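Chain and residue survey
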Amino acid sequence: MHTVHIVGAGPGDPELITVKGQRLLQQADVIIYAGSLVNPALLDYAKPGCQIHNSASMTLDEVIHTIEKAVKKGFSVVRLHTGDPAIYGAIQEQMDALKKLAIDFDVVPGVSSFLASAAALRQEYTLPEISQTVIITRNAGRTPVPEKESLKSLAVHKATMCIFLSVHMLDKVAEELIAGGYSSDTPAAVVQKASWPEQKVVRGQLKTIAEKVKEQSIDKTAMIIVGDCLESDYALSRLYAPEFTHMYRKGTGAEEK
Ligand code: SAH
């Protein structure tokens, strides 16, 4: 029986899947892809005759049943998720169901959209003396978020924040972040469809971003990025400072760790 491969498709650009993910797609007899987000251009990697299912219209049971039937026939199966499957991928329940059926599986990571968004912004999220922390979160929607992780409470840290699944309620998001501690002129950006040909980038501040995003009619498949890293004077990284000695380079100054 073949191992089922749960594969991260990356954020959209078909060249941003891993080499391993691409090979598995090319070899698959059956592909089940998350149709609401995965770029269909990735399916061009499938071989002729490959059976392709869009899971957007399927239930968990239907997905698992389709996988079970395929592996029993000796087919190789790829379950294709957007970005990296570990982030809002709803893969835990699929993996647990496969475990119960004693179907072997592995996971191939992918480039998450919060990283493709940094690339689109040409931005480092972890700037010395600005923020060394990236918070990945979402606003509560149909999936609740534990109260101790509310945007308001996370805002206290004033770290770099990447907020998934929430652009349709950006005005509420900005309000909560300001209530939690960010100043209203904290820089904010929204990247829609990072790495797709139709990628859009909107930049503003917490107090202006919702209006700007509305003007661009962006209401889904977008990342909200908030934090001073987007616009501030930062300290130079120690890593490339001439006087800094580390494991791979002898610097001109006193030894530092
Ligand atoms: N596993 C995916 C996230 C799935 S949840 C990942 O690692 O990226 C779906 C949310 O991801 C969307 O609502 C949006 O916030 C974000 N997203 C997915 N693809 C995106 C893209 N290409 N650009 C910007 N945001 C994206």
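Just so you know, these numbers come straight off a predicted model, no measurement behind them.

Looking at the packing of aromatic side chains
Going through the model one piece at a time under the given rule, you end up with two aromatic pairs. Look at Y88 and F164: their rings are 5.2 Å apart centre to centre, the planes differ by 55°, and that puts the pair in the tilted class. One end of the pair, Y88, is in the loop between strand 4 (77–81) and helix 3 (92–100); the other, F164, is in strand 7 (residues 160–164), and 76 residues separate them in sequence. Y88 sits in the partly exposed class, given a relative accessible area of 39%. The structure contains a cluster of three or more aromatic residues connected by ring pairs, namely Y88, F114 and F164. For the cation-ring pair, R138 lies above Y88, with the distance from its terminal atom to the ring centre recorded as 5.9 Å. The ring of W196 carries K193 above its face, with NZ or CZ at 4.0 Å from the centroid.

Section: the nonpolar core
The biggest cluster of nonpolar side chains holds 24 residues, and the ones touching the most others in it are M161, L177, V190 and V226. Elements supplying a minimum of two residues to this core: helix 5 (151–155), strand 7, helix 6 (170–180), strand 8 (187–192), helix 7 (209–215) and strand 10 (222–226). The element contributing the most residues to this core is helix 6, with four residues.

Brief notes about the UniProt feature "domain: Tetrapyrrole methylase" (unreviewed entry) in the chain
Mapped onto this numbering, the UniProt entry annotates "domain: Tetrapyrrole methylase" (unreviewed entry) at residues 3–209. Secondary structure across residues 3–209 comprises 28% helix and 21% strand; the distance between its end C-alpha atoms is 45 Å.

Focus: the sheet that holds strand 4
The sheet built from five strands is open, its strands ordered 3-2-4-1-5 with parallel pairing. Of all the strands in the sheet, the pair left with one neighbour each is strand 3 (51–54) and strand 5 (105–108). Each strand axis lies, on average, 20° off the axis of its neighbour in the sheet, ignoring direction. In terms of strand pairing, strand 2 (residues 30–33) meets strand 3 through four bridges, oriented parallel. The residue bridging I32 from the neighbouring strand is H53, located in strand 3. Lying on the sheet, helix 3 is in contact with strand 1 (4–8), strand 4 and strand 5; it crosses strand 5 at an angle near 155°.

Re helix 6
Taken together, the buried positions of helix 6 are L170, V173, A174, L177 and G180. The buried residues of helix 6 occupy an angular sector of 130° when projected down its axis, which confines them to one face. Residues of helix 6 that are exposed and point over 90 degrees away from its buried face: E175 and A179. Where helix 6 is buried, its residues contact helix 5, strand 7, strand 8, helix 7 and strand 10.

Calculation rules
Residues numbered from 1 in each chain as written. Predicted model: local features only at pLDDT ≥ 70, side-chain atom pairs only at ≥ 80, totals over all residues. Heavy atoms only, no water. Phe/Tyr/Trp six-rings, centres within 6.5 Å; stacked < 30°, edge-to-face > 60°. Helix = DSSP H or I, 4+ residues; strand = E, 2+ residues; numbered from the N terminus. Buried < 20%, exposed > 50% of the residue type's maximum accessible area, 1.4 Å probe, protein only. Lys NZ or Arg CZ within 6 Å of the ring centre and 35° of its normal. Core = buried A, V, L, I, M, F, W, Y, C linked by side-chain atoms within 4.5 Å. UniProt positions renumbered as here; feature names shortened; annotations may be inferred. Pairing = 2+ DSSP bridges. Axes fitted to C-alpha atoms, helices over the stretch in contact; angles between N-to-C directions. Contact = heavy atoms within 4.5 Å. Arc of directions from axis to C-beta.

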